[in-house]
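Structure at a glance
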Amino acid sequence: MVNDRSPIGHELSETMMGRAIARAAHSRLLAPPNPWVGAVLVCDDGTSFEGGTQRPGDRHAERMVLDRAGSRARGATLYVTLEPCSHTGRTGPCVGAIIEAQVGAVVVAVLDPDHRVAGTGVSQLRDAGIEVTVGPGAQAVQQQLRPYLHHRVTGRPWVINKIASTIDGRTAAPDGTSQWITGPEARADAHRLRAESDAILVGAGTVRSDNPRLTVRNVTAPDGLPPREPRRIVLGSAPADARIHPCTEYRGDLGALLDRLGSEGILQLMLEGGARVAHAFHSERLINLYVHYLAAAVMGGSDGSPVFDGIGAATISDLWRGQVASIAQLGDTLRVDILPIPD
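Just so we're clear, the structure is a prediction, and the values are computed from it rather than from any experiment.

Our next topic: the overall build of the protein. When you go through the protein residue by residue, the secondary structure sums to ten helices and 15 strands. Its C-alpha atoms give the protein a radius of gyration of 22 Å, near enough to 20 Å, the size a compact globule of 343 residues would have. Across its three principal directions, the C-alpha atoms of the protein cover 70 × 40 × 35 Å. For the protein, long-range pairs separated by at least 24 residues make up 72% of all intrachain contacts whose partners lie at least 6 apart in sequence. About 16,100 Å² of surface is accessible on the protein, with carbon and sulfur atoms providing 49% of the total. For the protein, the separation between the mean place of its 34 positive charges and that of its 37 negative charges on side chains is 4 Å.

Given below as structure tokens:
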């Protein structure tokens, strides 16, 4: 992280960056595979403009606020959650637009690790005589942009293992029924998580037993349109008449699969079952976030389906331990997010 002197006070920077982070959250269902970025432009006359990155091919957050401000952008201070892009993709570089608008200062939360940017955006702004500060709001933005940042650093998608179980750790009854363990609030939240994902993966056994569509339901993007549907991936083969089609069928090394998906622009991969799939990814330490929906329900026996199906820790000292990132109550269900402890 780089911190330089700035005419902008720390408290004001944190406040304005908080507004920019809120705008980025508003763009979460619009921007991918681009990063969901928020920006706030504060003009010399005290007026301010907010914006977030739109759908691919449309404007980035910086251009949204510059277009709204017009000539008032001259001498203004721009707060943006991610380093402005310095390369041409579907749109022109935001750095050029900022310089052309004669913005006076730029406050950036985090640098963009994309090899096409990686500090060059900040360097070009400074070379143009614009004061740049990096760091305010960094921790919150790093959390908000985890899938994007992880993808740009590792080349692989951020892998979420979504689990819905009773409090005694059962995901289905002995007869295979599992609808519904959790309540409507938790199911709505899971659909939001599905909408945020670029791809969903299940095992062939789940396809045969549940015949899921794995589509997004009851979620609307901020522009009023349905969110994009995630790509569907099956480990193994799906029956020809399965509702999951069209889908990608895969057999082979899971690490190679993640490399392939990353190269195809998948930022976030959501695992939705079954227990063998969860065990396979967990045992290879390929899961970046465990999202566990824990219902206020008890199966009451050992014959229901477990969360993981496979060989586990042989002794208590071998337990995998993570760190709780957040806990939220959704009706009668708890959502517990658990991150692996960094090496």
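From this point, things continue past the structure.
Below, the discussion takes up the layout of surface pockets. Which parts of space are left empty comes out when a probe the size of a water molecule is rolled across the atoms. Taken as a whole, the largest pocket holds about 1,400 Å³ of empty space. As for the largest pocket, its lining consists of 46 residues, of which S178, T206, D210, E272 and G273 are closest to the centre. Of all the elements in the fold, those that place two or more residues in the lining of the largest pocket are strand 6 (158–165), strand 7 (170–172), helix 7 (184–196), strand 8 (199–203), helix 8 (204–210), strand 11 (268–271), helix 10 (275–283) and strand 13 (305–306). If you tally residues by element for the lining of the largest pocket, the top one is helix 7, at seven residues. Partitioning the lining of the largest pocket into residue classes produces 20 nonpolar, 15 polar and eleven charged.

Here the focus is the sheet that holds strand 10 (residues 248–250). Judged by pairing direction, the sheet is mixed, and its eight strands sit side by side in the order 10-9-8-11-6-12-15-14 without closing on themselves. On the outer flanks of this sheet lie strand 10 and strand 14 (322–330), each paired with one strand and no other. For this sheet, the mean angle separating the axes of adjacent strands, direction not counted, is 20°. The sheet contact formed by strand 6 and strand 12 (residues 289–295) spans six bridges and is parallel. The residue bridging I160 from the neighbouring strand is L289, located in strand 12. Helix 9 (residues 254–263) contacts strand 6, strand 8, strand 9 (231–235), strand 10 and strand 11 of the sheet and is inclined by roughly 165° relative to strand 9.

It is worth spelling out unusual backbone geometry at this point. Following P32, the chain continues into P33 via a peptide bond in cis, with omega recorded as 10°. With respect to the helices, strands and loops of the structure, P33 is situated in the loop between helix 1 (10–26) and strand 1 (38–42). Of note, the bond from G273 into G274 is cis; its omega dihedral lies within 30 degrees of zero at 0°. Within the element layout of this structure, G274 appears in the loop between strand 11 and helix 10. Within the chain, N211 stands out as a residue other than glycine whose phi angle is a positive 50°. Position of N211 among the secondary structure elements: in the loop between helix 8 and strand 9. On the accessibility criterion, N211 (26% relative accessible area) is partly exposed.

Turning our eyes to something else, we now look at the pattern of salt bridges. Per the counting criterion, the structure on display carries 16 salt bridges. With a shortest N-O distance of 2.8 Å, R152 and D114 are connected by a salt bridge. Of this pair, R152 sits in helix 6 (residues 146–154) while D114 sits in the loop between strand 4 (105–110) and helix 4 (120–127); the two residues are 38 residues apart in sequence, bridging distant segments of the chain. For R152, a relative accessible area of 23% corresponds to the partly exposed category. A residue is classified by how much of its surface remains accessible, and D114, at 3% relative accessible area, is buried. With a closest N to O distance of 3.4 Å, E264 and R260 form a salt bridge. One connected set of salt bridges, linked through shared partners, spans D58, R59 and D67.

This part takes up the environment of A61. You can see A61 is positioned in helix 2 (residues 61–69). For A61, the residues in contact, after removing those within four places along its chain, are V37, G38, A39, G51, G52 and T53.

Scoring rules and cut-offs
Residues numbered from 1 in each chain as written. Predicted model: local features only at pLDDT ≥ 70, side-chain atom pairs only at ≥ 80, totals over all residues. Heavy atoms only, no water. Helix = DSSP H or I, 4+ residues; strand = E, 2+ residues; numbered from the N terminus. Rg over C-alpha atoms; globule rule 2.2 N^0.38 Å. Contact = heavy atoms within 4.5 Å. Areas by Shrake-Rupley, 256 points an atom, 1.4 Å probe, with all protein chains shown as cover. Lys, Arg positive; Asp, Glu negative; His and termini not counted. Charge placed at Lys NZ, Arg CZ, Asp CG, Glu CD. 1 Å grid on protein atoms, 1.4 Å probe; cavity = no way out; pocket = protein on both sides within 12 Å on 5 of 7 lines; lining within 4 Å. Points joined across faces, edges and corners; volume = space filled by probe spheres on them. Nonpolar A, V, L, I, M, F, W, Y, C, P; charged D, E, K, R; others polar. Pairing = 2+ DSSP bridges. Axes fitted to C-alpha atoms, helices over the stretch in contact; angles between N-to-C directions. Buried < 20%, exposed > 50% of the residue type's maximum accessible area, 1.4 Å probe, protein only. Salt bridge = Lys/Arg side-chain N within 4 Å of Asp/Glu carboxyl O.

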